[in-house]
Amino acid sequence: MTAPQISARTRTRTRTRPRAVLAMAERSARQVLGSVSPDRLTELLDLDPALVLDDFTTPAAHRALAGAELLVTGWGCPPLDRRALDAAPRLRAVVHTAGTVRHHITDACWERGISVSSAAAANALPVAEYTVAMILLANKRVLDIARDYRAERRAIDWNERYPDAGNYRRTVGILSASAIGRRVIELLRPYDLDILVYDPYVTAREAKELGTRRVPLWELFAGSDVVSVHTPLLPATEGLVGRELLAAMPDGATLINTARGAVVDQAALTEEVVAGRIRAVLDVTVPEVLPADSPLYDCDNALITPHIAGSKSGELRRLADLAIGEIENYVTGRAFAHPVRPEILDRSA
């Protein structure tokens, strides 16, 4: 006779639920965790769903942190610096319901041996989906053709007007084989595209296993019909896509940026795009909201979206589901499925 299977929910009832606190902006808690039944959290954790900390310095926060073993964090979480950690002497783990932990996880957390999990993998999927959609539309010249059709409203030989339109055997360059960059590569596999990648931490063999070809940075820009930027913003990558790389892009090529605006020299990009030489799809800019008089708003060769590629509305449920899974792992003594590794934070988002 085999032993009966015991669910994670049943196992949690056999031990004391760990004391936990929500730490994020109230809006984040409402939007990300609002789709989750409060019972789902309170069955796993000793937690007050109505208490959401966005400031670790108040007496109320210190009372809540004093007994906390686990923090469930999100967008708007304050930094977990030494002072905050001093108020949380029992803290052992952090489950982050969003992507990067750079804004709140400090060196003091690693020194304390605190385990950290992130929902970055869940947030990578919608960014990759957005990127793939834009790659296919850019190569098909959909925005250009739609603009011309709206203006002229007549039958046109589109093959004659846009002889380079289409995705067959076009070349796509992926700047950085990050989690999102790798997901984009994966989603592009069904299409008849040639994929190049530049990433100093990826070997030629690894690139081949991904289904791509590793090339030098300049060659990525000079040889691609579309370049998609997925590098994290680090001191070494700020302004990485500068005037020379942009000038190397073929006439009519498209730059897509869903990473961080500061990775690209925006002034140089604006010159190239406004001149009509290349196209740009920008979900991120510097500043985050462009000035109202920015020429990019009205430029036919630019598509600007307000940082919507990541998880939005119904997609936030995916973040919550991943976080709940990680909480279950912690409560039942299993390792995190999506741990954050401090040794690679200096080259990751």
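What you are looking at is a predicted structure, and each value in this text was computed from that prediction instead of being measured.

Participant: What should I look at first to understand the UniProt feature "domain: D-isomer specific 2-hydroxyacid dehydrogenase NAD-binding" (unreviewed entry) in the protein chain in this one?
Facilitator: Within the UniProt annotation, "domain: D-isomer specific 2-hydroxyacid dehydrogenase NAD-binding" (unreviewed entry) is assigned to residues 132–309. Helix makes up 35% of residues 132–309 and strand makes up 16%, while its end C-alpha atoms are separated by 11 Å.

Participant: Help me understand empty space enclosed by the protein in this model?
Facilitator: Under the defined criterion, the tally for this structure stands at 1 cavity of 30 Å³ or more. By volume, the largest cavity is sized at about 40 Å³. Considering the residues around the largest cavity, the lining is formed by Asn257, Gly261, Val264, Gln266, Leu269, Leu282 and Val284. Tallied by class, residues from the lining of the largest cavity come to 4 nonpolar, 3 polar and no charged.

Participant: What exactly am I supposed to notice about the UniProt feature "domain: D-isomer specific 2-hydroxyacid dehydrogenase catalytic" (unreviewed entry) in the protein chain here?
Facilitator: Per the UniProt record, "domain: D-isomer specific 2-hydroxyacid dehydrogenase catalytic" (unreviewed entry) is annotated on residues 57–340. Measuring from the first to the last C-alpha atom of residues 57–340 gives 26 Å, for a span that is 38% helix and 14% strand.

Participant: What should I look at first to understand the sheet that holds strand S3 (residues 70–73) in this one?
Facilitator: Strands in a sheet are paired, the pairing made by backbone hydrogen bonds, and the direction either parallel or antiparallel. Read across the sheet, 5 strands follow the order S2-S1-S3-S4-S5 without closing on themselves; strand pairing throughout is parallel. The open sheet has two free edges, formed respectively by strand S2 (52–53) and strand S5 (115–118), since each of these has just one partner strand. Here 4 bridges tie strand S1 (residues 20–23) to S3, and the two strands are oriented parallel to one another. Within the sheet, the bridge partner assigned to Leu22 lies in S3 and is Val72.

Participant: Would you mind showing me how to read the sheet that holds strand S6 (residues 170–175) here?
Facilitator: Sheet architecture is open: 7 strands sit in the order S8-S7-S6-S9-S10-S11-S12, paired in parallel fashion. Each edge of the open sheet carries a strand with a single partner, namely strand S8 (213–214) and strand S12 (302–304). The pairing of strand S9 (residues 226–229) with strand S10 (residues 254–257) spans 4 bridges and is classified as parallel. Among the inter-strand pairings, Ser228 is bridged to a residue of S10, identified as Ile256. Helix H10 (residues 179–188) rests against S6 and strand S7 (193–198) of the sheet, and its axis sits at about 160 degrees to S6.

Participant: Mind showing me how you'd approach the environment of Leu137 here?
Facilitator: As for its position among the elements, Leu137 is in helix H7 (residues 120–140). Along the sequence, Leu137 and Val241 sit 104 residues apart, while their C-alpha atoms lie 22 Å from each other.

Participant: Which parts of the structure should I look at to understand the packing of H7 against helix H15 (residues 316–331)?
Facilitator: At a closest axis distance of 8 Å, the pairing of H7 and H15 adopts a crossing angle of 155 degrees. As summarised for this structure, H7 and H15 are arranged roughly antiparallel, according to the angle between their axes. In this structure, the crossing between H7 and H15 has a hand that is right-handed. On H15, the residues that touch Ala122, Asn123, Leu125 and Pro126 of H7 are Arg318, Leu319 and Leu322.

Participant: Teacher, can you tell me more about the layout of surface pockets here?
Facilitator: To find leftover empty space, one rolls a probe the size of a water molecule over the atoms. Computed from the structure, the second largest pocket encloses a volume of approximately 180 Å³. Residue lining of the second largest pocket: Leu22, Glu26, Ala29, Arg30, Leu33, Gly34, Val36, Ser37, Pro38, Leu41, Pro49 and Val52, and that is the complete set. When contributions to the lining of the second largest pocket are tallied by element, the ones reaching two or more residues are helix H2 (26–32) and helix H3 (38–44). Broken down by element, the lining of the second largest pocket gets its largest block of residues, 3 residues, from H2.

Participant: Can you help me understand the packing of aromatic side chains in this one?
Facilitator: By convention here, two paired aromatic rings are described through the distance between centres and the angle between planes. Under the criterion given, the structure shown has 2 aromatic pairs. Between the aromatic rings of Tyr330 and Phe336, the centroid separation amounts to 6.4 Å while the plane-to-plane angle is 25 degrees, which identifies the pairing as stacked. Over the ring of Tyr168 we find Arg169, and its NZ or CZ is 5.6 Å from the ring centre.

Participant: Looking at this model, I keep getting lost on the packing of H7 against H10. Mind explaining?
Facilitator: Relative orientation and spacing of two packed helices are given, respectively, by the angle between their axes and the distance between those axes. Two elements in contact, H7 and H10, have axes separated by 9 Å at closest approach and are oriented at 50 degrees. Judged by the angle between their axes, H7 and H10 are oblique. H7 and H10 meet at a crossing whose hand is right-handed. Judged by residue contacts, Ala124, Leu125, Val127, Ala128, Glu129, Thr131, Val132 and Ile135 of H7 engage Ile180, Arg183, Val184, Leu187 and Leu188 from H10. Taken together, the residues that form the contact of H7 with H10 break down as 10 nonpolar, 1 polar and 2 charged.

Participant: Quick question: what am I supposed to make of the environment of Pro78 here?
Facilitator: Checked against the element boundaries, Pro78 lands in the loop between S3 and helix H5 (82–86). Here Pro78 falls in the buried class, since its relative accessible area comes to 12%. Here the alpha-carbon distance between Pro78 and Val274, two residues 196 residues apart in the chain, equals 40 Å. If we ignore the near neighbours within four places in the chain, the residues touching Pro78 are Leu53, Asp54, Asp55, Phe56 and His104.

Participant: Honestly, the domain arrangement of the protein chain in this entry has me stumped. Any pointers?
Facilitator: Accessible area lost upon the coming together of the parts is a frequently used measure of interface size. Here the protein chain is partitioned into domain 1 (20–113 + 313–344) and domain 2 (124–304). In this structure, domain 1 and domain 2 have C-alpha centres spaced 35 Å apart.

About the criteria used
Residues numbered from 1 in each chain as written. Predicted model: local features only at pLDDT ≥ 70, side-chain atom pairs only at ≥ 80, totals over all residues. Heavy atoms only, no water. UniProt positions renumbered as here; feature names shortened; annotations may be inferred. Helix = DSSP H or I, 4+ residues; strand = E, 2+ residues; numbered from the N terminus. 1 Å grid on protein atoms, 1.4 Å probe; cavity = no way out; pocket = protein on both sides within 12 Å on 5 of 7 lines; lining within 4 Å. Points joined across faces, edges and corners; volume = space filled by probe spheres on them. Nonpolar A, V, L, I, M, F, W, Y, C, P; charged D, E, K, R; others polar. Pairing = 2+ DSSP bridges. Contact = heavy atoms within 4.5 Å. Axes fitted to C-alpha atoms, helices over the stretch in contact; angles between N-to-C directions. Parallel < 35°, antiparallel > 145°, perpendicular 65-115°, else oblique. Left-handed = near helix turned anticlockwise from the far one by under 90°. Phe/Tyr/Trp six-rings, centres within 6.5 Å; stacked < 30°, edge-to-face > 60°. Lys NZ or Arg CZ within 6 Å of the ring centre and 35° of its normal. Buried < 20%, exposed > 50% of the residue type's maximum accessible area, 1.4 Å probe, protein only. Domains from an automatic or database assignment.

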